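In case you want the letters, here they are:
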Amino acid sequence: MATFLSFFLLSSVALSLVLVSVTAESLERDFLRHKKEKLTHFRVYWHDILDGKDPTSVLIINPPKNYTGATGFGLTRMIDNPLTLSPELSSKMVGRAQGFYAAASKEEVGLLMAMNFAILEGKYNGSTITVFGRNSVLDKVREMPVIGGSGLFRFARGYVQARTHVFDIKTGNAVVEYNCYVLHY
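About the cut-offs
Residues numbered from 1 in each chain as written. Predicted model: local features only at pLDDT ≥ 70, side-chain atom pairs only at ≥ 80, totals over all residues. Heavy atoms only, no water. Buried < 20%, exposed > 50% of the residue type's maximum accessible area, 1.4 Å probe, protein only. Helix = DSSP H or I, 4+ residues; strand = E, 2+ residues; numbered from the N terminus. Pairing = 2+ DSSP bridges. Core = buried A, V, L, I, M, F, W, Y, C linked by side-chain atoms within 4.5 Å. Contact = heavy atoms within 4.5 Å. Phe/Tyr/Trp six-rings, centres within 6.5 Å; stacked < 30°, edge-to-face > 60°. Polar contact = N/O pair within 3.5 Å; in protein donor to acceptor, adjacent residues only side chain to side chain.

## So, the pairing of strand 9 (residues 174-184)
Successive side chains on a regular strand alternate, one facing one side of the sheet and the next facing the other. In terms of burial, strand 9 is a largely internal element, nine of the eleven residues being buried. Pairing analysis gives ten bridges linking strand 8 (residues 157-167) to strand 9, with the strands arranged antiparallel. Across the sheet, the residue bridging to valine 166 is valine 175, located in strand 9. Hairpin geometry of strand 8 and strand 9 is characterised by an intervening segment of six residues between the two adjacent antiparallel strands and by a positive phi of about 85 degrees at glycine 172.

Structure representation (structure tokens):
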């Protein structure tokens, strides 16, 4: 059952990406003709909370029982993580990271990240960016692509750089700094 759910979830994401790219071409020409592209940079702190009364990251798929590797290959978590202006969870929340991440490497701790940064404050309130890529969590700096967006980030492209600020080995909780560089119209 878990294998089927994994396959279904990943297949749905892949199919969605194909459909979006095909239909966007004709709309893009008309929309982009009158707009000027700009680069926006913002920094947020991503709080992955696995423990306590109100976790923001929940296990949806365990690794197979016969898998004995140390990377957690197959493990998948659904997230609704706060995005804040500073590393403290009590700082101003400006958005939420919603999506999932999965241990996708048998050789190292490497995650497949698929998430939307839903902005809830300021000029970009109601807008999103979509991050989809590989996260080698043991590297000091990881880079993942921004593959789209909505609202004021419509037709977005760019990248994010992730740096682990804090990781608690006992709880699994983490705070990660995300620097986001987004080209949009």
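## Overview of the nonpolar core
Ranked by internal contacts, the top residues of the largest apolar core, which has 28 residues, are Trp46, Met115, Phe117, Ile129 and Tyr178. For this core, the elements supplying multiple residues, two or more each, are strand 1 (38-48), strand 3 (76-84), strand 4 (93-103), strand 5 (110-119), strand 6 (128-136), strand 7 (142-150), strand 8 and strand 9. Once you skip the residues sitting within four places of it in the chain, tyrosine 178 turns out to touch Phe42, Arg43, Val44, Trp46, Met113, Met115, Phe117, Asn135, Met144, Val160, Gln161 and Ala162.

## Quick notes on the packing of aromatic side chains
Under the definition given, this model contains seven aromatic pairs. Taking the centre distance of 6.2 Å and the plane angle of 50 degrees together, the rings of tryptophan 46 and tyrosine 101 count as tilted. Placement of tryptophan 46 in strand 1 and of tyrosine 101 in strand 4 is noted, with a sequence separation of 55 residues between them. Overall, tryptophan 46 belongs to the buried group, its relative accessible area being 5%. With a relative accessible area of 8%, tyrosine 101 lands in the buried category. Plain terms: the ring middles of tyrosine 124 and phenylalanine 153 are 4.6 Å apart, the flat faces sit at 15 degrees to each other, and that makes the pair stacked. Here tyrosine 124 is found in the loop between strand 5 and strand 6, whereas its partner phenylalanine 153 is found in the loop between strand 7 and strand 8, with 29 residues between them in sequence. The same class applies to tyrosine 124 as to phenylalanine 153, namely buried.

## Quick look at the side chain of histidine 184
Topologically, histidine 184 is positioned in strand 9. At 3.0 Å, the side chain of histidine 184 and the backbone oxygen of leucine 152 are in polar contact. Once residues within four sequence positions are removed from consideration, histidine 184 is found in contact with Lys36, Glu37, Lys38, Thr40, Tyr124, Leu152, Phe153, Arg154 and Ala156.

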